[in-house]
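Descriptive structure summary
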Amino acid sequence: MPNPIKPERSVVTTCAYCGVGCNFKAETHQGRVVRMIPWKDGKANHGHSCIKGRFAFDYYNHPDRILKPMIRDSIDEVWHEVSWEHAFEFAAARFRRIQKRHGARSIGAVSSSRCTNEEIFLVQKLARAVFGNNNIDNCARICHSPTQFGLSATVGWGAASQHFDSILQADVIMVVGANPTEGHPVFGSLLKRRVRQGARLIVIDPRQTETVRSPHVVADVHLALRPGTNVAVLDSIAHVVVREKLYNEAFVRERCEWHEFEHWAGLVGSERYAPEVIGPQAGLDPEDIRRAARLYASGPNSAIYYGLGVTEHSQGSTGVMCLGNLSLACGMLGREGVGVNPLRGQGNVQGGSCLGSWPHVFSGYRFVTDDEVRGSFEAEWGVTLDAEPGLRLPNMFDAALTGHFRGMFIMGEDPVQSDPNQDHTIAAMREMECVVVQDLFLNETAKYAHVFLPGSSSLEKDGTFTGAERRVNRVRKVVEPLAGLQDWEIVVKLMNAMGYPVHYDHAGQVLDEVARLSPAYKGLSFELLDRVGSAQWPVDENAPEGTEVLHRERFPRANGRGTFMLTEYVPTRERTSDQHPLLLTTGRILSQYNVGTQTRRTANNHWHAEDLLEISAGDAAVRGIKDGDRVWLSSRFGATQLRARLSTRVNPGVVYTTFHHVETRVNVVTSDLSDWATNCPEYKVTAVEVSLVAPAGVAAAGRGEPRREGARAGAQGGNAAPVAGHESGASRAEAHA
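Residues numbered from 1 in each chain as written. Predicted model: local features only at pLDDT ≥ 70, side-chain atom pairs only at ≥ 80, totals over all residues. Heavy atoms only, no water.

Observations concerning the packing of aromatic side chains
Counted under the stated rule, the structure contains 15 aromatic pairs. Centroid distance Trp84 to Phe88: 5.6 Å. Interplanar angle 25 degrees. Geometry classified as stacked. Of this pair, Trp84 and Phe88 both sit in helix α2 (residues 84-102), four residues apart, which is roughly one turn of that helix. By the burial criterion, Trp84 is buried, and Phe88 matches it. The interplanar angle of 85 degrees and the centroid separation of 5.6 Å between the aromatic rings of Phe149 and Trp676 together place this pair among those described as edge-to-face. Residue Phe149 is located in helix α4 (residues 139-154), and its partner Trp676 is located in the loop between β28 (654-658) and β29 (686-692); the two are separated by 527 residues in the primary sequence. (Phe/Tyr/Trp six-rings, centres within 6.5 Å; stacked < 30°, edge-to-face > 60°. Helix = DSSP H or I, 4+ residues; strand = E, 2+ residues; numbered from the N terminus. Buried < 20%, exposed > 50% of the residue type's maximum accessible area, 1.4 Å probe, protein only.)

As structure tokens, then:
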């Protein structure tokens, strides 16, 4: 049915949901957004869209929005609305007081991949130039830091090697730990289009997702591996490539070091990685592993696309290295139709990685310990910078519990909802003397905050996003910010209140500063993007309008060659037991987005009103569970309730749920294990038990809440409804970026 409202104006901008980075024409009437039309000239979406970008936009003016700054002396008090100036002065005074008592490194900052490149850059500048330390983190580390670590180690850059349209020239597509049909639907449609044209499809995922089987698309090989065995299976695929001599010797000799290849081949080629050995460990038919290896190696053009099912493991970085090794061995890099490509979950996770929001690197992935690099930032910012890497968010929480970390600025993140082992996070938050939350809605973390700064949605700001294919797109202000300030302006005013005099006339000047300090962004500007539409980094004198395909002639390493990394399989310490015999893994659904802050406040909520626990019929039967029963999901860390759904999508011994609803509290049960190299949480493997919720009136000693071995004491408290009329909800951050 046509929209009866005739728009008065339109603005082309970029969707703020997943990392595809679709362009839309946002239409307004009387200053209100009334329609989002997919933009035909969008280079990532070509006029296509999903139901989130197309319909789930009116969250921005939902009644839950907080539009006035608020402060309180204690988290046990109610909020008080104040002026912007008062809020900035209050926050700055508290931060200065903490640093005077506890030292410069006693406070830190967290930025969000839901925010623009310019805002992410300014938050790390706040930490480094104003707070005087490197205590800065971002959800990009929580989900995709293994991408940066693993791909940098093998091929030199921790980003997608291709543009999305390159898949139309792929002969074989391998999808590992991702479900683009649900999580990245516009790209997922492109993938299925190519499969319908004849490309072969390999899917490695514990669950039979919509990418494995949907109308007119069926995977040639589905490796439904046991959660936690990624590295073993990928090494086993490499074993077949090596033992059957399916590798591309000419490519390896020309583009890599042959002796490194031989060393790697000696590892993966050993008998302990033979499919007959790994298959039973991973719950797979050895012949399926061999079929996958032969199919990928045969190409002639084979492309890899992967997601959080690779990175969010204790061997997440190793898993990414496995993919880099495999692509190098088979010569699947440097041209159209091949490559290794991470599918980023949030609109600006790639930007969150690129722009210095990790404690050990400035923008451009350059180390804070490098005197020359640090000097360039000192010259630009006019201050002396700390040469010691700072704290990651988990380290900030640990330091809070020991009394060494006392304050935090959080823009667009909700660590209480999104970080693992929620009880531990809450206990740390309660120890803080000053927590400043900048967001659209009161979230779970705001229960433990002292200052709330009302943020702006992507429809209310100017800036850029960097999508999963390295594409930098313009974000344009469609309506005026409802609270009066764009997010980047709020950060600047906090800097000023802290005594750091800095000024920008508009967000484009922040991007200009990024370009001066970040080699891959060197040629980027609002002017360029307004002229060419979008550009994939690197943008420099060699590629003034961007680079679609990386690694054509050399790899961005000192010697220009790819590197084979040793990827020994080390099983996760998260093991099943008699008390917790099942393995929990998590994922997304098409209609909802992350922890649902936006989509739950739109009509999309009708399509997925609650998170459900998928469980096999056999596992359900032995527990007396029927379809639709309410169940306890418990681990050694905590327990939560949700409704069961009997499913053939999961194998016996595996359960699955989404994480879109705050009531589900999935991270109450997730473990505190993380990737060995980056601290990326192991969200995808948690040992759990599932049991029926006791009917009303049944004593807890019977079928009530299960006892958790070793569960940490939950720290209850905070003001659950601090301001009348405002419902607490999840932030723009997500449990799994």
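Additional details are given in the paragraphs that follow.
Considerations on the environment of Asn135
Inspection of the secondary structure puts Asn135 in the loop between α3 (117-131) and β7 (136-138). Here the alpha-carbon distance between Asn135 and Met408, two residues 273 residues apart in the chain, equals 9.4 Å. Beyond its immediate chain neighbours, meaning those up to four positions away, Asn135 contacts Arg105, Ile107, Gly108, Ala109, Ala127, Gly390, Leu391, Met396 and Phe405. Within the structure, the side chain of Asn135 is placed 3.0 Å from the backbone oxygen of Ile107, a separation counted as a polar contact. (Contact = heavy atoms within 4.5 Å. Polar contact = N/O pair within 3.5 Å; in protein donor to acceptor, adjacent residues only side chain to side chain.)

Here's the deal with unusual backbone geometry
With an omega of 5 degrees, the peptide bond running from Gly299 to Pro300 counts as cis. Omega for the peptide link from Trp537 to Pro538 comes to 5 degrees, which places this bond in the cis form. In this structure, Pro538 sits in the loop between β23 (534-536) and β24 (582-587). The phi dihedral of Gln30 falls on the positive side, at around 55 degrees, and the residue is not glycine. Relative accessible area serves as the criterion here: at 65%, Gln30 is assigned to the exposed category.

A short note on the pattern of salt bridges
Applying the stated criterion to the full structure yields 38 salt bridges. Between Glu614 and Arg207 there is a salt bridge, and its shortest N-O distance comes to 2.8 Å. Linking Glu614 in strand β25 (residues 612-615) with Arg207 in the loop between β9 (200-204) and β10 (213-214), this pair joins segments that are 407 residues apart in sequence. Pair check on accessibility: Glu614 and Arg207 agree, each one buried. Connected through salt bridges with shared partners, the residues Glu244, Glu276, Glu287, Arg290 and Arg294 form a single ionic network. (Salt bridge = Lys/Arg side-chain N within 4 Å of Asp/Glu carboxyl O.)

Regarding the domain arrangement of the protein
Annotation of the protein at the domain level lists domain 1 (9-61), domain 2 (70-130 + 348-536) and domain 3 (145-342). Measuring from the centre of the C-alpha atoms in domain 1 to the corresponding centre in domain 2 gives 25 Å. Between domain 1 and domain 2, the residue contacts involve 23 residues of the former and 22 residues of the latter. Note on domain 1 versus domain 2: buried area summed over both sides is about 1700 Å², and carbon and sulfur give 56% of it. For the domain 1 face of the interface with domain 2, the top three residues by lost area are Lys43, Tyr59 and Tyr60, together amounting to 31%. Counting across the interface, domain 1 meets domain 2 through zero salt bridges. Taken together, the connections running from domain 1 to domain 2 amount to ten residue pairs in polar contact (both at pLDDT 80 or more). Secondary-structure elements contributing two or more residues to the side of domain 1 that touches domain 2 are β1 (9-14), β2 (23-29) and β3 (32-38). In terms of residues, the side of domain 1 that touches domain 2 owes the most to one element, β1, which gives five residues. (Domains from an automatic or database assignment. Buried area = accessible area lost by both parts, 1.4 Å probe.)

What about the nonpolar core?
Counting residues in each nonpolar core, the largest one holds 73 residues, and the members touching the most others are Phe131, Phe409, Leu453 and Tyr521. The biggest single contributor to this core is α3, with nine residues. Excluding its chain neighbours within four sequence positions, the residues that come into contact with Leu453 are Trp84, Ala87, Phe88, Phe409, Val436, Val437, Gln438, Asp439 and Ile490. Core analysis: the second largest hydrophobic core is formed by 56 residues, Ile204, Leu267, Ala282 and Leu295 among them. (Core = buried A, V, L, I, M, F, W, Y, C linked by side-chain atoms within 4.5 Å.)

Some thoughts on the sheet that holds β2
If you trace the three strands from one edge of the open sheet to the other, you get β1-β2-β3, paired in antiparallel fashion. Since the sheet does not close on itself, it has two edges, and those belong to β1 and β3, each with one partner. Adjacent strand axes in the sheet meet at a mean angle of 30 degrees, parallel and antiparallel pairs treated alike. Where β1 and β2 come together, six bridges link them in antiparallel fashion. Of the residues in β2, the one forming a bridge with Thr13 is Phe24. (Pairing = 2+ DSSP bridges. Axes fitted to C-alpha atoms, helices over the stretch in contact; angles between N-to-C directions.)

Details of the pairing of strand β15 (residues 355-358)
Along any regular strand the residues' side chains alternate between the sheet's two faces. Where β15 lies against strand β16 (residues 361-363), two bridges are found, and the strand directions are antiparallel. Looking at β16, one finds that Leu355 is bridged to Ser363. Turn length for the β15-β16 hairpin, with the two strands adjacent in sequence and antiparallel, is two residues.

Looking at the side chain of Thr547
Mapping Thr547 onto the fold places it in the loop between β23 and β24. A polar contact of 2.9 Å, which involves the side chain of Thr547, links it to the backbone oxygen of Pro538. Ignoring any residue separated from it by four or fewer positions in sequence, one finds Thr547 in contact with Arg470, Gln536, Trp537 and Pro538.

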